[in-house]
Amino acid sequence: MIEVTGVLQKQAWDLQVMPPVELVRPGLWSIPVPIPNNPLRYVLVYAFELDNGVAIVDAGWNTDDAWNALNAGLVEAGGSISDVRSVLVTHIHPDHYGLAGRVRDESGAWIGLHPDDATMLRARYVDVDDLLSKMHDLLEFAGVPEATLPDLNMASMMIRDQVAMAEPDILFEDGKEVDVPGWDLRTVWTPGHSPGHVCFHSERHRLLLSGDHVLPRITPNIGVHTQQIPNPLGDFLESLLKVQNLPVDEVLPAHEYRFANLRDRLDEIILHHAERLADIERMLLENPGMTAWQMAVNLTWSRPWDQIQEFMQRAAVSETLAHIVLLEIHQRVRSVGDRPAHFFVVEGPVES
Ligand SMILES: [Zn+2]
Ligand SMILES: [Zn+2]
């Protein structure tokens, strides 16, 4: 079982209000930044005090509310936005990367990102035609009904406006020390939730800044995406093992609340995916030839299917596909056709 160490954050979560700005360690602050119309409610930005300013991990969505909250949080921590020297971004998603460019404009900070996420920026946020056509193909492959497909295909375009496209100044390398003077922060590349997702580990402080890789309550979306690696779930599970043996007393996630007992949480997440893989296999045994869409509609999600927003429906379809891909790699499942693809359990003895 995890132990919640962000007690005030958890209380605020239960009351559905914003948690406070908090001092996590001497010189290290946690600043909640709101996310508009999103069940995650906020991203936790971490601010490290430096001799000559402050380094932040993640930045928040590119909205005025988020910008104001980040500014106010930095003031509460005894600094200001113009003191920011560096923006370490865990991954490309808009709740983490969105404000990075605006912070740089205001302060002259450098922005750091992993190269595997940096290469996706332009296609995702500027030249989107290719992305949309590939997404269309992917949704057809998944068997999304014709009437639903256009809405699902366009589902992320409004989110696009909430990222100010900003090329990073520094590309993170796996296992390398990050230039945050006075702190021992090392990059741990953890592909899965996005191809270039990174965590930051401080051995001296026994802290893991886990981004979206490990969260206390929910599991991050792991989806097959047009820009996503071929086997994201396989990579994600490996990335969980990659942080398993790090010396860590407390996990500082990008959402929800701080917690201890990292290994227990990793076990829970691994079990969750094992159960989902088994659910899919069972479903296909009973209904051979299902499409990814049909499976997604029938799997259990955090709320009933018809109450899930289009963007999240698409995430559910791509998450279902990620599980199917892993089952195919393990030769448990095979597919027939591609518009849409129909899936079948592989009969007979299976070598593991
Ligand atoms: Zn994310
Ligand atoms: Zn996030």
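The structure displayed is predicted, hence computed values, not measured ones.

## Re the overall build of the protein
The number of helices and strands found in the protein is 13 helices and 15 strands. In terms of C-alpha radius of gyration, the protein reaches 20 Å, essentially the compact-globule figure of 20 Å for 352 residues. Summarising its shape, the C-alpha atoms of the protein cover approximately 65 × 40 × 40 Å along the three principal directions. Buried positions account for 55% of the 352 residues belonging to the protein. Look at the contacts in the protein between residues 6 or more apart in sequence, and 65% of them connect residues 24 or more apart. Roughly 15,300 Å² of accessible area belongs to the protein as shown, and the carbon and sulfur atoms make up 50% of that amount. Of the side chains in the protein, 26 bear a positive and 51 a negative charge, and the two mean positions are spaced by 2 Å.

## With respect to the pairing of strand β10 (residues 198-202)
In terms of residue burial, β10 counts as a mostly covered element, since five of its five residues are buried. Sheet topology places strand β9 (residues 185-189) next to β10; five bridges connect them, and they run antiparallel. If you follow Leu185 over to β10, its bridge partner there is Ser202. With three bridges connecting them, β10 and strand β11 (residues 207-211) associate as antiparallel partners. Bridge pairing in β11 links Phe200 to Leu209.

## So, the coordination of the zinc ion (ligand 1)
Distances from the zinc ion (ligand 1) to its protein donors, His91 (NE2), His93 (ND1), His193 (NE2) and Asp212 (OD), fall at 2.1 to 2.3 Å. Around the zinc ion (ligand 1) sit four donor atoms; with metal-centred angles ranging over 89 to 178°, the donor geometry is irregular. Separating the zinc ion (ligand 1) from the zinc ion (ligand 2) is a gap of 3.5 Å, bridged by Asp212, which donates to each. Of this pair, His93 sits in the loop between β6 (84-88) and α3 (94-97) while Asp212 sits in the loop between β11 and α10 (232-244), and the two are 119 residues apart along the sequence.

## Brief notes about α10
In this model, α10 (13 residues) spans 18 Å end to end at C-alpha, consistent with the 18 Å of a helix rising 1.5 Å per residue. Looking at α10, one finds that the buried residues are Pro232, Leu233, Gly234, Phe236, Ser239, Leu240 and Val243. Those residues of α10 hidden inside the fold are in contact with β9, β11, α11 (262-286) and α13 (310-329).

## Considering the coordination of the zinc ion (ligand 2)
Coordination of the zinc ion (ligand 2) by the protein involves Asp95 (OD), His96 (NE2), Asp212 (OD) and His255 (NE2), with metal-donor separations of 2.1 to 2.3 Å. Taken together, the four donor atoms coordinating the zinc ion (ligand 2) and their angles of 87 to 155° define a geometry best described as irregular. As a motif over one chain, the donors of the zinc ion (ligand 2) read D-H-x115-D-x42-H.

## A word on the sheet that holds strand β4 (residues 42-50)
Overall, mixed pairing links the seven strands, which are arranged β2-β3-β4-β5-β6-β7-β8 in an open sheet. Looking at strand neighbours, the two that pair on one side only are β2 (22-25) and β8 (170-171), the edges of this open sheet. Here three bridges tie β6 to strand β7 (residues 110-113), and the two strands are oriented parallel to one another. Paired with Ser86 across the bridge in β7 is Trp110. In the packing of helix α1 (residues 7-15) onto the sheet, the strands contacted are β2, β3 (28-34) and β4, and the crossing angle to β4 comes to about 155°.

## Digging into the side chain of His93
Owing to a relative accessible area of 16%, His93 belongs among the buried residues under this scheme. Of the polar contacts made by the side chain of His93, one reaches the side chain of His91; its length is 3.0 Å.

## Brief notes about the packing of α10 against α13
One way to put it is that α10 packs onto α13 with a least axis distance of 7 Å and a crossing angle of 85°. Considered as vectors, α10 and α13 are oriented roughly perpendicular to each other. Between α10 and α13, the contacting residues are Pro232, Leu233, Gly234 and Leu237 on the first element and Ala322, His323 and Leu326 on the second. Considering only residue class, the contact of α10 with α13 consists of five nonpolar, two polar and no charged.

## Considering the pattern of salt bridges
The final tally for this structure, using the stated rule, is 15 salt bridges. Between Arg206 and Asp249 there is a salt bridge whose closest N-O contact spans 3.0 Å. Pair noted here: Arg206 is in the loop between β10 and β11 and Asp249 is in the loop between α10 and β12 (250-253), with a separation of 43 residues, a long-range link. Taking relative accessible area as the criterion, Arg206 reaches 34% and is therefore assigned partly exposed. A salt bridge links Asp279 to Arg282; the shortest N-O distance between them is 3.2 Å. A residue pair is termed a helical-turn pair when its members lie 3 or 4 positions apart in one helix, as Asp279 and Arg282 do in helix α11 at three residues. Connected via shared salt-bridge partners are Glu22, Arg25, Glu250 and Arg258.

Rules behind the numbers
Residues numbered from 1 in each chain as written. Chains lettered and ligands numbered in written order. Predicted model: local features only at pLDDT ≥ 70, side-chain atom pairs only at ≥ 80, totals over all residues. Heavy atoms only, no water. Helix = DSSP H or I, 4+ residues; strand = E, 2+ residues; numbered from the N terminus. Rg over C-alpha atoms; globule rule 2.2 N^0.38 Å. Buried < 20%, exposed > 50% of the residue type's maximum accessible area, 1.4 Å probe, protein only. Contact = heavy atoms within 4.5 Å. Areas by Shrake-Rupley, 256 points an atom, 1.4 Å probe, with all protein chains shown as cover. Lys, Arg positive; Asp, Glu negative; His and termini not counted. Charge placed at Lys NZ, Arg CZ, Asp CG, Glu CD. Pairing = 2+ DSSP bridges. Donors = N, O, S within 2.8 Å, 3.2 Å for Na, K, Ca; no water. Tetrahedral: all angles 85-135°; square planar, octahedral: opposite > 155°, others 65-115°. Expected span 1.5 Å × (residues − 1). Axes fitted to C-alpha atoms, helices over the stretch in contact; angles between N-to-C directions. Polar contact = N/O pair within 3.5 Å; in protein donor to acceptor, adjacent residues only side chain to side chain. Parallel < 35°, antiparallel > 145°, perpendicular 65-115°, else oblique. Nonpolar A, V, L, I, M, F, W, Y, C, P; charged D, E, K, R; others polar. Salt bridge = Lys/Arg side-chain N within 4 Å of Asp/Glu carboxyl O.

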